[in-house]
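# Structure assessment
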Amino acid sequence: MMFHQPTETLQQKPRCLLHHRPSTSTSCSMRRPTSCHLTLLLLLLLLLLNFCRGQGSDSGDGRPSCDRCDLHLSCNCSHSGFTHIPVVTDRALTIDLSYNAIASVMDDDLTGHTRLRVLDLHGNGLATIHPSAFDSLWSLEELDLSDNQLAVLDHQWFRKLESLLQLNLLNNPYSCLGSPPPFQGLVQLRRLAFGGPTLEELKRGDLSGVTQLEELTVHANNLTRYESGTLADIWPLGRVTLSLHGPFLTNMPVASAVLGDVSYPETPITLEDLNMTETSSVQPLTALAKKRIRHLSFRNLSVSDKAIVSLLVAVSGVPITYLSMDGVTLIGQGSWRNASKTDQKSIDEFFARDVVVLDVFKFLSLLDLTFLLQYPRRVSVINSKVFVMPCITSKLLVHLQYLDLSDNLLTDLTLVETLCGNQETLKELRVLNISGNPLKSLSTVSRMVTKLSKLTHLDVSRTAYISMPPSCPWPSTLRHLNISGTQLTTTTPCLPATLEVLDLSNNNLRSFTQRLPVLRELYLSGNKFLSFPPGQLFPNLQTLMIHSNTLNMFSHLDLQSFRRLESLQAGQNKFVCTCDFVNFLHSALKGHEGIHLTDGEDSYVCDSPLYLQGEPVGRVHLSTVICHRVLFVSVTCGLVLVVGFLLGVLLWRLHAFWYLKMTWAWLKAKHSSRRRQRHRVIEGSEALLSFDAFVSYSERDAGWVENFLVPELEEPSESDSGDPRTLRSLTLCLHKRDFLPGHWIVDNIMSAMERSRRTIFILSENFVQSDWCRYELDFSHFRLFDGHAGGEAAILILLEPLSKDDVPKRFYKLRKLMSSTTYLEWPQEEERRPEFWRSLRSALSGGDEDD
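Residues numbered from 1 in each chain as written. Predicted model: local features only at pLDDT ≥ 70, side-chain atom pairs only at ≥ 80, totals over all residues. Heavy atoms only, no water.

This paragraph deals with the state of the cysteines. Working definition: the covalent bond between the sulfur atoms of two cysteines is a disulfide. Applying the stated criterion across every chain, the model contains six disulfides. What pairs with cysteine 472 in a disulfide is cysteine 494, and their sulfur atoms sit 1.8 Å apart. Every disulfide takes its handedness from the sign of the S-S torsion; for cysteine 472 and cysteine 494 that torsion is -100 degrees, giving left-handed. Remark: cysteine 494 occurs in the loop between strand S23 (480–482) and strand S24 (501–503) and cysteine 472 occurs in the loop between strand S22 (457–459) and S23; sequence separation between them is 22 residues. (Disulfide = S-S within 2.5 Å. Helix = DSSP H or I, 4+ residues; strand = E, 2+ residues; numbered from the N terminus.)

Here is the structure:
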């Protein structure tokens, strides 16, 4: 196996298994000094701003306060420049105080936080903690005191933390765990991390009280004294992480003892920060081999080729099933002598990520390590600048079922070489992940994987695909396909009909119309869909992810076409919060639609209308006025009509219309009268009285007026005796006879009244009930009682008995006049009539005397 520079062509390459591109890196020390100085100044400025922000609020007792808590009572007070524990609501479940400047914790700083579950104080420079500072934290489950200045661990800190599950004490300047043992009361502890650059001693009893752990992390880079069995009492022991950088591995007895105490076949071991450039540094790892461990991981490893050979020799025959190297720097001369003599048949999975070969030209051949490739069923080489895996290497992977070459430099051309073109290879492969590579042709991938007769999962996400060919060959076994994070704008029948899971998220798709009859899961998030795809195309779909698109709304009808849909994520869209959509979503959030919205209520936010923008749909409640506008307008109009009708009836009963009509007529007539008066003044003439009386009567009483009143007053009989003045002929104004034709009736009435000395009212039932000549009668009453003509100008004649109550209330002044003025009654007896006429003439003659 070998690594090559990517510039070499396939025709010129020597025989190798892996080709590798050398990495380049630039540190701040290599840049111009001004760039680093500017960066430092910006960091200082940010720290100063954070400090001011953190100190900006005060609780009133001199202590600062922090109120940045979310709905889950998780309070983020980190990076705020606090120098003391701030006041936080005692209902908080999580408090993050990391990266402040809190140097001490006093006994009453956390009093009252009996419900607190998580407390994070790492990265503060914390040096002093009062012995009873944590006594009130009965419910605390996670405590992080890492990256501080705690020189001594006090067992009293933890005496009341019986519920504590996780404790982190990493990177503090203590040299030992102290006495008495600090963890004695932590009976529920399951995850423990301790150690740092100054930890020098561990002795038996230091971990007294810790009986079992799910995860143990120890930084023992400078450990010089270790009593065998110190860590051996912890059982069962889950995952172990040991940081062994520095002189630790050179102290063979100590290193071997530590590794021997934590090594169990069932316990995964992770060794980090290792420098294994010499073969002697591998010697302590023989303790792992003796315990026959099965899971071994290296993180942040600097290793030489000789050390790798020594490691393979040390673990030869050990049933290691999982070998991982994350963050590896490989140095050396590329010599793998004696490696092939080792037994590594048990390795089932090999994982490598972030591999860097410093001198790639010295590692021209890795063929001596080909024996390692014959047995693994799972191989991952991630983000390691691999641009080709030659066909000869692929042919060696005869048992391979899982291959992950993501985030490398594979192209369409090198992929053909990796999969051996048209040659049969990787016959057992089930899962292939080539995501994050600069691939451009989907048809090339489909053609290459068609021969993989057992392939079920294919991941080609985060590639450079911009289009999809009209048709593609695929293996009939393919069930899962991931083409997310590309630049596709449309889909074609290229997609295999055998798919059960399809991921097309984070593309530029606007629609999806391909029929996939057995599809169970469809991921379309991060596209530009305006509506749901037709559900009839996916009769077996159970999960649909279509969040982060441009959907405006969806309804029960959209979901009804998906006959078997159970899970839906459609949040983070541009929702228009109409009444129908809000009501539907309220029902869906309550589970009434038979579909579970797995992304939660807060993901569904209104984008419009503007007054609801940013408001979660689940909290929106629209009024009836908005949701049922037509009904509301109809009901409102109906109510207005009913009220208007009732009001009209009421006004009619109260004669309001009559009063309004008379007021308008009076004002208009008044205006005409004043205009005539102005004309007379200008012409120098005076108004002449042409009539002795204006007669107001009902048309039904016209016979009496014409047969009795007019003959008697205008044509007096010579046989009548009495005062000659009363026997003179009078001139009466009758509307039938004296109104000018063609003139407005109101003007005629006004003119007649102005030219008459008196007004005679002929009162009867006909008078108060008749509508004949309504304007004349009504206006004459209005004019007579407007205040300019008094009651002495009116003469009332009752043709028949008529009481005041018989007069309609709209004639209120007439009713008042009948109560205060003497009126004449027309006698039915013949002998009394002469007296009636004398009284009437006398009343009319009174005007002459006044004149």
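So, about the confidence of the model for the protein. Detailed reading of the predicted model is not advised wherever pLDDT is low. Averaged over the protein, the pLDDT score is 84; the fraction of residues at 70 or greater is 82%. Here residues 1–39 scores under 50 on pLDDT; set against residues more than four positions off or in separate chains, the count is 94 contacts. Counted against residues more than four places away or in other chains, residues 47–56, with its pLDDT under 50, gives 18 contacts. (pLDDT = per-residue confidence, 0-100. Contact = heavy atoms within 4.5 Å.)

Leu119, Phe134, Phe194, Leu271 and Phe298 are the most contacted members of the largest nonpolar core, which totals 97 residues. Here the element with the most residues in this core is helix H4 (residues 305–314); it accounts for six residues. In this view, phenylalanine 134 contacts Leu110, Leu119, Ile129, Leu143, Leu145, Trp157 and Leu161; residues no more than four positions away in its chain are not counted. One finds Val460, Ile483, Leu565 and Ile595 within the second-largest nonpolar core, a separate group that totals 74 residues. (Core = buried A, V, L, I, M, F, W, Y, C linked by side-chain atoms within 4.5 Å. Buried < 20%, exposed > 50% of the residue type's maximum accessible area, 1.4 Å probe, protein only.)

Per the stated rule, a full pass over the model turns up three cavities of 30 Å³ or more. Here the second largest cavity is characterised by a volume of approximately 50 Å³. Leu296, Leu311, Leu312, Val315, Ile320, Leu323, Gln344 and Ile347 are the residues that line the second largest cavity. Partitioned by chemical class, the residues of the lining of the second largest cavity number seven nonpolar, one polar and no charged. (1 Å grid on protein atoms, 1.4 Å probe; cavity = no way out; pocket = protein on both sides within 12 Å on 5 of 7 lines; lining within 4 Å. Points joined across faces, edges and corners; volume = space filled by probe spheres on them. Nonpolar A, V, L, I, M, F, W, Y, C, P; charged D, E, K, R; others polar.)

A separate point is the packing of aromatic side chains. Going through the model one piece at a time under the given rule, you end up with 19 aromatic pairs. Linked through ring pairs, Phe532, Phe554, Phe562, Phe575, Phe581, Phe584 and Tyr604 together constitute an aromatic cluster. Across the ring face of tyrosine 264, the terminal group of lysine 291 is positioned such that the distance to the ring centre comes to 5.5 Å. Over the ring of tyrosine 402 we find arginine 378; its NZ or CZ atom is 4.0 Å from the centre of that ring. (Phe/Tyr/Trp six-rings, centres within 6.5 Å; stacked < 30°, edge-to-face > 60°. Lys NZ or Arg CZ within 6 Å of the ring centre and 35° of its normal.)

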